[in-house]
Amino acid sequence: MAEKAMCMSTQIPDDEDIQRENNVRGLTMLGHFGFECLPHQLVNRAIQKGFSFNILCVGETGLGKSTLIDALFNTNLKEKKSSHFNSNVELKIRTYELQESNVQLKLTIVKTVGYGDQMNKEGSYQPIVGYLDAQFESYFQEELKIQRSFADYHDSRVHVCLYFISPTGHSLKSLDLLTLKSIDNKVNIIPLIAKADAISKNDLQKFKYKIMNELVNNGIQIYQFPTNDESTAQTNSSMNKHLPFAVVGCIDEVKVGKRMVRGRQYPWGILQVDNENHCDFVKLRDMLLCTNTEDLKEQTHTQHYERYRCFKLQKIGFTDVGPDNQPVSFQEIYEAKRQEFYDQCQREEEELKKKFMQRVKEREIAFKEAEKELQDRFEHLKRIQHEETIKLEEEKRQLEEEIMNFYKVKAGSETLQTQGYTNIKKDKDRKK
């Protein structure tokens, strides 16, 4: 007798059925949970705090620095035009609060005024170097404070320097080389060929090649877009080959076909700012604001500022290793410097004491000599006075003797006169 196999399907109850049977209220999962939420926390906090970005624009007057900044941030910052008749190079610093969607940006623009208008080349780039060092020093002093307040501190260190090159088509000027050489270890430099529409495409490529050769031959380090991130390595690597960027800035709109685009109207056609076939403006904007903003800020802190900080600490006397090339702690260095400073103070104090005692002895000798001189002069005057007194006493005695003799003579004459009158009277009486 054949057995007939029976297949019984078993139904597994789902979570809702179990919760319904046990009268348990279920919650639907909304979003992420666990530590995978950390990136979202960072994004939310960064958006609430806002971002900051500091740009230094270096270039001759009239190369379109303000116009390019307006085009980069798609706004009109309403800057006054600068003059060519400035006796010194000045830095114009402006800070703006910008917002795009829900992202707030604190943008600081530092532009040179009168750059390249002076005969003294050193006077043209020294204010720039001084400003960069001053921002590093300000951050360094904030770090050294016992109670630091980086939450409220406005970091004014320059994150990128847009260096505007005049579109001569020949080579870099000597001032360009001097300035770039002076600041390449203090700031991330992105060279730009300003007003690139003044050069033909063929000449522009040759000009780019000449500029990069001159930078390499003079040992000038410019910012290279990083290639260590897989997501941006290919794009950044290709963009490094386009340096220096040939840019044209413009915020005016012209009509091309049925749409309005930013560009310039020429008799021979329209130059579109946002067209990559016309200029490198889009490449600059993408590399500067969309892809490498945080890397520029990181390079400023980890390379340029660290170099300045290391120099300052070494100048003060702090090192990482001792005389025996063994690591030493900050406390040990501090105690050693403190003892060295104390010993130096002691030596200087002893030297000051010796100098003071020597000066006191010299003054005492000078005072004694002056006192002796005054005493001798006093004795001399006293002797002269004594002699004068004796002389006057003698003259007084002689005068008194003369007076006595005068009175004696007078008395004798009076006696004789009296006797004469008496005799005359007697004679008259006798005659009568």
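Please refer to the structure higher up on the page.
This section reports on the structure supplied with the text. (Residues numbered from 1 in each chain as written. Predicted model: local features only at pLDDT ≥ 70, side-chain atom pairs only at ≥ 80, totals over all residues. Heavy atoms only, no water.)

**Brief notes about the pairing of strand E5 (residues 189-193)**
Across the five residues of E5, five count as buried, placing the element largely inside the fold. Of the two faces of E5, the one holding Ile189, Pro191 and Ile193 and the one holding Ile190 and Leu192 are both buried throughout. Across five bridges, strand E4 (residues 160-165) lies against E5 in parallel orientation. When the sheet's bridge partners are listed, Tyr163 is paired in E5 with Pro191. Viewed along the sheet, the connection from E4 through helix H5 (residues 174-183) into E5 turns out right-handed. For E5 and strand E6 (residues 245-246), the ladder comprises two bridges, and the chain directions are parallel. (Buried < 20%, exposed > 50% of the residue type's maximum accessible area, 1.4 Å probe, protein only. Helix = DSSP H or I, 4+ residues; strand = E, 2+ residues; numbered from the N terminus. Pairing = 2+ DSSP bridges. Right-handed = clockwise from strand over helix to strand, strands pointing away.)

**Topic: the sheet that holds strand E8 (residues 259-266)**
If you trace the three strands from one edge of the open sheet to the other, you get E7-E8-E9, paired in antiparallel fashion. Single-partner strands in this sheet number two, and they are strand E7 (253-256) and strand E9 (269-272). Direction aside, the axes of adjacent strands within the sheet are offset by 70° on average. (Axes fitted to C-alpha atoms, helices over the stretch in contact; angles between N-to-C directions.)

**Brief notes about unusual backbone geometry**
A negative phi angle characterises most non-glycine residues, just as the trans form characterises most peptide bonds. Residue Pro244 follows Leu243 across a cis peptide bond; omega there is -5°. Counting through the fold element by element, Pro244 comes out in the loop between helix H7 (233-240) and E6. Phi is positive for Ser101, close to 60°, though the residue is something other than glycine. Turning to its location among the elements, Ser101 is positioned in the loop between strand E2 (90-100) and strand E3 (103-113). The exposed category is assigned to Ser101, whose relative accessible area is 67%.

**Things to note about the pattern of salt bridges**
Per the stated rule, a full pass over the model turns up 17 salt bridges. In this structure, Lys145 engages Glu142 in a salt bridge whose closest nitrogen and oxygen atoms are separated by 3.1 Å. A relative accessible area of 5% places Glu142 in the buried class. One salt-bridge network, held together by shared partners, links Lys208, Glu276, Asp280 and Lys283. (Salt bridge = Lys/Arg side-chain N within 4 Å of Asp/Glu carboxyl O.)

**So, the nonpolar core**
Formed by 68 residues in total, the largest nonpolar core has its most connected members in Ile55, Leu162, Ile190 and Leu284. With six residues, the single largest contributor to this core is E4. Grouped together as the second largest cluster of nonpolar side chains are nine residues, Tyr139, Tyr153, Tyr308 and Ile333 included. (Core = buried A, V, L, I, M, F, W, Y, C linked by side-chain atoms within 4.5 Å.)

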